[in-house]
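Below are the chains, spelled out letter by letter.
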Amino acid sequence: MRVHWSNRRAFIMATAGSAVGLGNIWKFPYMTGTNGGSAFVLVYLLCVALIGLPLMMTEVMLGRRAQRNPVDGMAHLASEAGATQMWKGIGYMGIAAGILILSFYSVVAGWVLDYGLRAAGGGFAGMGAEQAQQQFSSFIGNPYELLLWHTVFMFLTMVVVARGVTSGLERANKIMMPSLVAILLILLGYSMAVGDISRSLDFMFRPDFSRITPTAVLSAMGHSFFTLSLGMGAVMVYGSYLQRHVSIARASFYVVLTDTAVALVAGVTIFAIVFANGLEPAAGPGLIFQTLPIAFGRMPGGTLFATLFFVLVAFAAWTSSISLVEPAVSWLIENTRLDRTRAALLVGGLIWLIGIAVLLSFNAWGEIKLFGLTIFDQLDKLTTNVMLPLGGLLMALFAVWVMRAAHAQEELALNDRHYRRWLFVTRYVAPAAIVLVFLNLVGWLPLV
Ligand code: PHE
């Protein structure tokens, strides 16, 4: 008998816990900055609404119907539909994507831990822009420090995974998610008071179509998958723990809404600080680490708020990282003689090793480049822009072309009108959008 969440709230909290993470607070702001602001935000919002929400429903639906890990789940659903077992490939690709994502995710989560400690020691007091930049570059220049924190974060993740997704995690999510939102709102209030909020809003929301480039479109689409944890089986596994009677549409809607709101608030807050301090919005992955210390360092009670903030971001990362390995671990347990602890150790060890290459790419191996990108950039691009959208595309195609309509409908339990809408979007709109962006990527289709 499979474990199930205790109620709908628990599923929403856990899935929102998976969705809200570094993607919202670290990645979204810096990608908005490097991709020209509002154009990126607009495409991202379109992708979330048109592809993200229907696909979230689809992935939860597949998981709940399958009641298994993503590999065996897809195999089961394929035989139920009388289709080829090749669909299992979705599960395998998801496992691989989760492993590759966590190998850089953990390194960045390590930065967050280190900054939490710096904050607690009052290290940001009175910090200026230049100092903040210097602090960050000397920090990522030191591989030993990065290794230490990467190791700590992987250890924390694997301890929890080894113990299973128990009520402990459910409870942690329930406390941490609202606290994170509260701290974020305090920061927003601060940046409204002293930051350049109007320039920030302008940068993020005033439409400027001249800035829409093919790369920005691809990055925005990829990011909509990343931030919603879609396309790699994490949502599918969580869906497999969802009880029968819960409405998939409503739960998915809340998750998507929460995730988007957190990203937008984080973005507005951070850019207000960036512009007020004459910083560079296109600073890249270091953006929040170079901007937030300045704000915290000047705000009353900054030491406390900064510490809380980084601790909570670490928790947000932690609830996401667990979902990144859950497909791999549940697959190993259900297919080998390994118990949960050994499976976690094995997967965690592999990720830890790949992570070492990632952290070295910020210093000693910074010159090693593949197609002009460092190891960190390559892994990020490969997973976010290719593996997740491809996984999502295949799941959508499976759900509407292979699976029996009655089965999908039984899980989704939508009324007629909503069902037809979901079907139309999942059948045509989402796949066409993903394929168009891919074609554009390989340069067959000149966009703008
Ligand atoms: N959604 C998480 C974030 O935004 C990252 C993630 C991606 C988690 C894919 C699980 C699966 O930080």
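Analysis parameters
Residues numbered from 1 in each chain as written. Predicted model: local features only at pLDDT ≥ 70, side-chain atom pairs only at ≥ 80, totals over all residues. Heavy atoms only, no water. Patch = residues over 30% accessible without salt bridge, like charges linked within 9 Å, V, L, I, M, F, W, Y side chains within 5 Å. Areas by Shrake-Rupley, 256 points an atom, 1.4 Å probe, with all protein chains shown as cover. Salt bridge = Lys/Arg side-chain N within 4 Å of Asp/Glu carboxyl O. Buried < 20%, exposed > 50% of the residue type's maximum accessible area, 1.4 Å probe, protein only. Core = buried A, V, L, I, M, F, W, Y, C linked by side-chain atoms within 4.5 Å. Helix = DSSP H or I, 4+ residues; strand = E, 2+ residues; numbered from the N terminus. Contact = heavy atoms within 4.5 Å. Near = heavy atom within 4 Å. Polar contact = N/O pair within 3.5 Å; in protein donor to acceptor, adjacent residues only side chain to side chain. 1 Å grid on protein atoms, 1.4 Å probe; cavity = no way out; pocket = protein on both sides within 12 Å on 5 of 7 lines; lining within 4 Å. Sits in = over half its atoms within 2 Å of the grid points. Points joined across faces, edges and corners; volume = space filled by probe spheres on them.

Peer 1: Help me understand a nonpolar patch on the surface, please; the structure alone is not making it clear to me.
Peer 2: Together, Leu 42, Leu 46, Leu 50 and Phe 209 make up an exposed nonpolar region whose accessible area comes to about 380 Å². Judged by relative accessible area, Leu 50 falls into the partly exposed class, the value being 41%.

Peer 1: How do you make sense of the nonpolar core when you look at a structure like this?
Peer 2: Where a protein is soluble and globular, its nonpolar side chains tend to be buried together. Judged by nonpolar contacts, the single largest core of 162 residues is most densely connected at Leu 62, Trp 111, Phe 289, Phe 309 and Trp 422. Among the elements that make up this core, the one with the highest residue count is helix α5 (residues 88-120) (18 residues). Excluding residues within four positions of it along the chain, Trp 111 makes contact with Trp 26, Phe 136, Phe 139, Ile 140, Leu 146, Pro 285, Phe 289 and Phe 362.

Peer 1: How should I be thinking about the site of the ligand in this particular structure?
Peer 2: Neighbouring residues of the ligand: 14 residues in total, closest Ala 19, Gly 23, Tyr 105, Phe 226 and Ser 229. A distance of 3.2 Å is found between a nitrogen atom of the ligand and a backbone nitrogen or oxygen belonging to Ser 18. Within the backbone of Thr 227, a nitrogen or oxygen atom sits 3.2 Å from a nitrogen atom of the ligand. Summarising the interface, the protein chains cover 100% of the accessible area of the ligand, which totals 330 Å² for the free molecule. Taking a 2 Å distance to the grid points as the criterion, the majority of the atoms of the ligand fall inside the largest cavity.

Peer 1: Honestly, the side chain of Gln 243 in this entry has me stumped. Any pointers?
Peer 2: Along the chain, Gln 243 falls in the loop between α11 (234-240) and α12 (248-276). Those residues within four positions of Gln 243 in sequence are excluded, and the remaining contacts are His 4, Trp 5, Ser 6, Asn 7, Arg 8 and Arg 64.

Peer 1: Would you take a moment to explain empty space enclosed by the protein for this structure?
Peer 2: Over the atoms, a rolled probe matching the size of one water molecule traces out where space is still vacant. Counted under the stated rule, the structure contains one cavity of 30 Å³ or more. The calculated volume of the largest cavity comes to roughly 130 Å³. Lining the largest cavity we find 18 residues, and of these Ser 18, Tyr 105, Phe 226, Ser 229 and Leu 324 sit closest to its centre.

None of this, on its own, says anything about what the molecule does.
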